[in-house]
Each structure stands twice: as structure tokens, then as C-alpha cells.
Amino acid sequence: MVGYPGKEIPQRVDRPGTGPGLVIPARLAFIDLETTGANPVRDRITRISVLEAEGEQVSTWSTLVNPQRPIPEFIQRLNGIRNEALVDAPTFSQVATELADRLHGRLFVAHHARFNYGFVKNEYRRLGKSFRADGLCTVRLSRKLFPEHQNHNLDNLIVRHGLTTGDRHRALASVDLLWQFWCLLKRERGDEALAEAIGQQLKRPSLPPHLDSALLDDLPEAAGVYLFYGDNDALLYVGKSVNLRQRVRAHFASDLREYKEMRLSQQVRRIRWHETVGELGALLLESRLVKECQPIHNRRLRRTSDLCTWQLVPVAPGDYRLKLLSGEAADFVCSEDLFGLFANRREATESLRNMAARHELCPIVLGLEKPAQPGRPCFAHQIKQCRGACVGKEAVGVHNVRMMSALLKLKLSTWPYPGAIGIVERDELREVEEVHVVNGWRHLGSARSEAEIQEILLGQSGQGRFDQDTYKLLTAHLGRGAVRVRMLSAR
């Protein structure tokens, strides 16, 4: 299926294995590209060749494409297309509509289909348009149907199968070779074996009966969050991905292998999604929606409201004790004496007990245990897991130094900025930007314009509470140093 704004094409190619018996797709488009390099995001197309086939009817089309940038010298030597030959060639935007018409309703067939598909998809994406197609890779077909051979590049196929060719880099030469190879597969392996091999590549997920199969084609190949709804529009699950289409498909592709996925897929009645510019935006939105909406299947992110942390409190010069603070009482923005984030009191206590055991710290001094009698050692000392701070064998000052050293891994970061900041995420290909407005480790919202940023800042006093998952996401991303940060202020 190919779709682009102004022309959404609902028609699909015939699918192997979707009806009674296996079928070979009837409408085909064999594609070959020349490009300025190997990276579909950074590099551009310089020539497109298409062979359209339907039954015995075959037609061809080829065009040079001005990539609007110089071609590296070694690429010019490799494919024979020189910079000067492209000066008067049309740009991709000028051939985009004709290419979409030619691919309409046809199976996208190419040698190394992922490479060719990636370039076409990204060229349309630069134009703000979508491209989706069912792709078939002839390399994978060759491996499947001729497993006795090791190499399956086009040169090997030419020699092995006696394909007729002239100049490999002549326009249309490669797509003609692919057509010859296709005809050979039908002749030598037969329709049934070919249809089965195609079916394995094109196998689609088994969607729940309540969902329209066109849904999978509508999902964007972009970062974002998806929501599964069940009976009575109850929210079942919130997930995130850098590729929404791929991730949602994976849910239903795995439903026969994993019980949890099977249960979920059987319950889904409706799917919604929200696109984001990048991964951080998807992570932040997922965390917020799970907290706000409490989906049935999101147990991991559904934190309780009993968040707590340990505070190091001085009781005398050189002497400190740990005090458990609730999330409501703790100042996560400015306090420099907070250690660890825990979902509840039990988790916090268990974490401290484990730390005491690893570092031979005294449970009595840590406040985890009361002495049976004054001067009596703790139980850990009796089994040689405490160095004796409870009975004076270890100076309390020395014990405290060791305690603070052990606590360092749990130390929480104070908010390092004087106020609100914007963490900027940008998609260079689409030339879109999203600013995540954050203050005091709270995610206040995300915006794509200055007006939206100001709206978030003006309402920030009543927005958001400290959240453990958001804190971890933000410290991880800010700690990498690769993010772009803007200082923000309300006007």
C-alpha cells in the first residue's frame, strides 16, 4: 500500500496465505535505485528505475533525479552517474506523484528491499508525505528457494542462473534482471513454493477480529505512544516506541507465543496513538499517561503514591542518622541530603538492610533495629556481619564515613538550573522540533511553538508532582550531555 496526503490508497496487493490456498501477487513493481551513499536518512536518490508487471504485461520507467547535493567521487565512479548529468534532472519532489502512481497497489520488489524502501520512504518523508508499501526482498527469496548456495548478490544470480544482462549500471538493467529472476523462480520452483516463500516475508500480524486490518497501514513509522482500549472503552495498555507501526504490529505478531500478549490482543477493541518528535517525548508521555489513566496492563509504571526517600540528618558534630521522608515532605529540588527513591516504606527499609549487609554496617546505628538491652550487640554483629559500632568496637565517626560512602550510589541530584528549562528534541528529516518543559524534575508539558511554551510556563504552579520515573528519565538524558537545553521564563 502506498499513501500520501491528498491520495490515500486503500487498495492492497493480493496477499499470500490470506485466502483459501496460497497466491502469488499479481501486480508487481520491481525497483532499483542509485543514490549518493548508503544512508537513507542522510543520502539522496539519483536515479529510479521501475518495472511494472501484471501477468504478462510489462512496462518500464526510469528517471534521473537531482539530489540537490554533490555526489561523492567514489560513488560517481561506482555507478557512472556524474554530477553534471543531474543538473537538469527533476528533483524528487517533481517525480514523487508519478512514482506513487506507478507503485499504487503493487508489491514493492527489490534486491535488498530494505535499502530501497528506506530511501523511497525518506524521500517522501522530506516532502511531508507518507509512503507505505508491502516490500519483498529478492535476496531473501533466493536464500529461501536456493538454500544450497552461499551468496545471493545480483552478480551471483546472473552467473548461477544465466540471466541476460549488459551494463549493470545502465538504467533499467537491474530491474530487468529482477524480472528475469522472478520468471525463473516461477518456472524452476513452481507457483506453490514461490507463494509460500513470499507468504513468509509478507506475513501480517493476526489482528483481533474487532479491529480493521487497515489500521496497521495507518500507523506511522515514527516515535510516539499508543493506547489499547477494550470493552466499554476501558484503557487496557499504554506503550511507547520509536516506531509505532512496528511496535504495534509486534504485539499481534507475538500473541500466539506469549500468554500476556495473547490475552491483551483478545481484549483490544480500539487503538489510538500520539506521535512525538523523538524517543524522550514518547517516554515522558507514556509515563504521564500511565500515572493519570492507570491502564489495567501497565503494572510496572503504575507507581503508588507512597514515594519515599532517606534523608541524612546531623544529630551531633560528625554524627548522622537516616530519616525516612515521604515524597510529599521531601524537597527534591534543593535538598542535597536525599538518598534513593522507593515506591513505599517496605522497599526503602529492605534496600537499607541490603546495603548494611553488603558493607557490614550496624542495623542499630542505622535505626533498623532496636537493641535488646543497652550495650548488647546487634544480631548482625553476633554473626560477624557488623563491625561493632553498636558496642563501641568501631568508632561511630568511622562507621558514618563508611555509611556515607555506601550511600553515594543512591544520592539524588538537586535541580541544577535556576528555573524552568526546555529540552529540545528535533527530527532533522521532518524539520520539526518539540520542547519538553521541565522545572524541578517535573515534566510540565511538551510544546511545538513559543505560544505553547508560554502557556505551559504560565500554568506551571499547579502542574505536576515529583515522579520517580520522570526523574530517572531526565537525569539519564541530561547526564549524557548530548541534549540541547534552553533556559525558559514566563513573559
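Placed above this text is the structure.
Residues numbered from 1 in each chain as written. Predicted model: local features only at pLDDT ≥ 70, side-chain atom pairs only at ≥ 80, totals over all residues. Heavy atoms only, no water.

A.B. asks: Got a sec to walk through the overall build of the protein chain? Specific residues and values, please.
C.D. replies: Tallying secondary structure elements over the protein chain gives 15 helices and 17 strands in all. Buried positions account for 49% of the 491 residues belonging to the protein chain. Within the protein chain, residue pairs in contact and separated by at least 24 positions form 63% of the contacts whose partners lie at least 6 positions apart. Accessible area of the protein chain: about 24,700 Å², with a carbon and sulfur share of 49%. (Helix = DSSP H or I, 4+ residues; strand = E, 2+ residues; numbered from the N terminus. Buried < 20%, exposed > 50% of the residue type's maximum accessible area, 1.4 Å probe, protein only. Contact = heavy atoms within 4.5 Å. Areas by Shrake-Rupley, 256 points an atom, 1.4 Å probe, with all protein chains shown as cover.)

A.B. asks: Give a detailed account of the sheet that holds strand S12 (residues 319-326), specifying residues and quantitative values.
C.D. replies: The sheet built from three strands is open, its strands ordered S12-S11-S13 with antiparallel pairing. For this open sheet the edge positions go to S12 and strand S13 (338-342), each flanked by a neighbour on one side alone. Taken pair by pair, the neighbouring strands of this sheet meet at an average axis angle of 30 degrees, ignoring direction. Direction of pairing for strand S11 (residues 308-316) relative to S12: antiparallel, over a ladder of eight bridges. If you follow valine 313 over to S12, its bridge partner there is arginine 321. (Pairing = 2+ DSSP bridges. Axes fitted to C-alpha atoms, helices over the stretch in contact; angles between N-to-C directions.)

A.B. asks: Give a description of the pairing of S11 that names residues and reports values.
C.D. replies: Here S11 folds back onto S12 in antiparallel fashion, the turn holding two residues, of which glycine 318 has a positive phi close to 80 degrees. Relative to S13, S11 runs antiparallel, the two being bridged by three bridges. Within the sheet, the bridge partner assigned to tryptophan 310 lies in S13 and is phenylalanine 339.

A.B. asks: Help me get a handle on the nonpolar core, residues and values and all.
C.D. replies: In terms of nonpolar packing, the biggest core is built from 28 residues, with Phe30, Leu141, Trp182, Leu194 and Ile198 touching the most fellow members. Core analysis: the second largest hydrophobic core is formed by 25 residues, Ile31, Trp61, Tyr117 and Val120 among them. (Core = buried A, V, L, I, M, F, W, Y, C linked by side-chain atoms within 4.5 Å.)

A.B. asks: Residues and numbers for the packing of aromatic side chains, please.
C.D. replies: By the definition in use, this model includes 16 aromatic pairs. Pairing tyrosine 226 with phenylalanine 228 gives two aromatic rings, centres 5.3 Å apart and planes at 45 degrees, and the pair type is tilted. Among the residues examined, tyrosine 226 registers a relative accessible area of 0% and is labelled buried. Take phenylalanine 228: its relative accessible area is 0%, and that puts it in the buried class. Aromatic pair phenylalanine 228 and tyrosine 237: ring centres 6.2 Å apart, planes at 40 degrees, arrangement tilted. Three or more aromatic residues joined by ring pairs form one cluster here, namely Phe332, Trp415, Tyr417, Trp441, Phe466 and Tyr471. Here arginine 270 stacks its cationic end above the ring of tyrosine 229, 4.2 Å away from the centre of that ring. (Phe/Tyr/Trp six-rings, centres within 6.5 Å; stacked < 30°, edge-to-face > 60°. Lys NZ or Arg CZ within 6 Å of the ring centre and 35° of its normal.)

A.B. asks: If you had to explain unusual backbone geometry to someone new, which residues and values would you point to?
C.D. replies: Glycine aside, a negative phi is what most residues show, and trans is what most peptide bonds show. Although it is not a glycine, histidine 112 sits at a positive phi angle of roughly 60 degrees. Histidine 112 sits in the partly exposed class, given a relative accessible area of 44%. Even without being glycine, asparagine 232 reaches a positive phi, approximately 60 degrees. Among the secondary structure elements, asparagine 232 is positioned in the loop between strand S8 (224-229) and strand S9 (235-241).

A.B. asks: Give me helix H4 (residues 138-145): which residues, what numbers.
C.D. replies: Within H4 the residues assigned to the buried category are Thr138, Val139, Leu141, Ser142 and Leu145. For H4, the arc enclosing every buried residue in end-on projection is 160 degrees, short of the 170-degree limit, so these residues lie on one face. Where H4 is buried, its residues touch strand S6 (107-110), strand S7 (135-137), helix H5 (154-161) and helix H6 (173-202). (Arc of directions from axis to C-beta.)

A.B. asks: Can you explain the state of the cysteines? Please cite residues and give values.
C.D. replies: For the coordinates displayed, the defined rule picks out zero disulfides. Summary of cysteine pairing: cysteine 378 is not part of a disulfide, and the nearest cysteine sulfur, belonging to cysteine 386, is at 3.7 Å. On the accessibility criterion, cysteine 378 (0% relative accessible area) is buried. (Disulfide = S-S within 2.5 Å.)

A.B. asks: So what's going on with the pattern of salt bridges? Which residues, and what values?
C.D. replies: Counted under the stated rule, the structure contains 27 salt bridges. Note that arginine 126 and glutamate 123 form a salt bridge whose closest N and O atoms lie 3.4 Å from each other. Pair noted here: arginine 126 and glutamate 123 are both in helix H3 (residues 113-126), with a separation of three residues, about one helical turn. Judged by its relative accessible area of 3%, glutamate 123 falls in the buried class. A salt bridge links aspartate 469 to lysine 291; its shortest N-O distance comes to 2.8 Å. In this pair, aspartate 469 sits in helix H15 (residues 468-480) while lysine 291 sits in helix H10 (residues 279-293), placing the two residues 178 residues apart along the sequence. (Salt bridge = Lys/Arg side-chain N within 4 Å of Asp/Glu carboxyl O.)

A.B. asks: Can you lay out helix H14 (residues 450-458) for me, pointing to particular residues and giving the numbers?
C.D. replies: Those residues of H14 that fall on the buried side of the exposure criterion are Ile453, Gln454, Ile456 and Leu457. Across the axial projection of H14, the buried residues extend over an arc of 160 degrees, all falling on one side. Every exposed residue of H14 that faces more than 90 degrees away from the buried side is listed here: Ala451, Glu455 and Leu458. As for H14, its buried residues are in contact with strand S15 (432-439), strand S16 (442-447) and strand S17 (484-487).

A.B. asks: So what about the packing of helix H2 (residues 92-103) against H3? Which residues, and what values?
C.D. replies: The interhelical angle for the contact between H2 and H3, taken along N-to-C directions, is 120 degrees, at an axis separation of 10 Å. Viewed along their axes, H2 and H3 form a crossing whose handedness is left-handed. In contact with Phe92, Ala96, Leu99 and Ala100 of H2, H3 contributes Val120, Glu123 and Tyr124. When its residues are assigned to classes, the contact of H2 with H3 shows six nonpolar, no polar and one charged. (Left-handed = near helix turned anticlockwise from the far one by under 90°. Nonpolar A, V, L, I, M, F, W, Y, C, P; charged D, E, K, R; others polar.)

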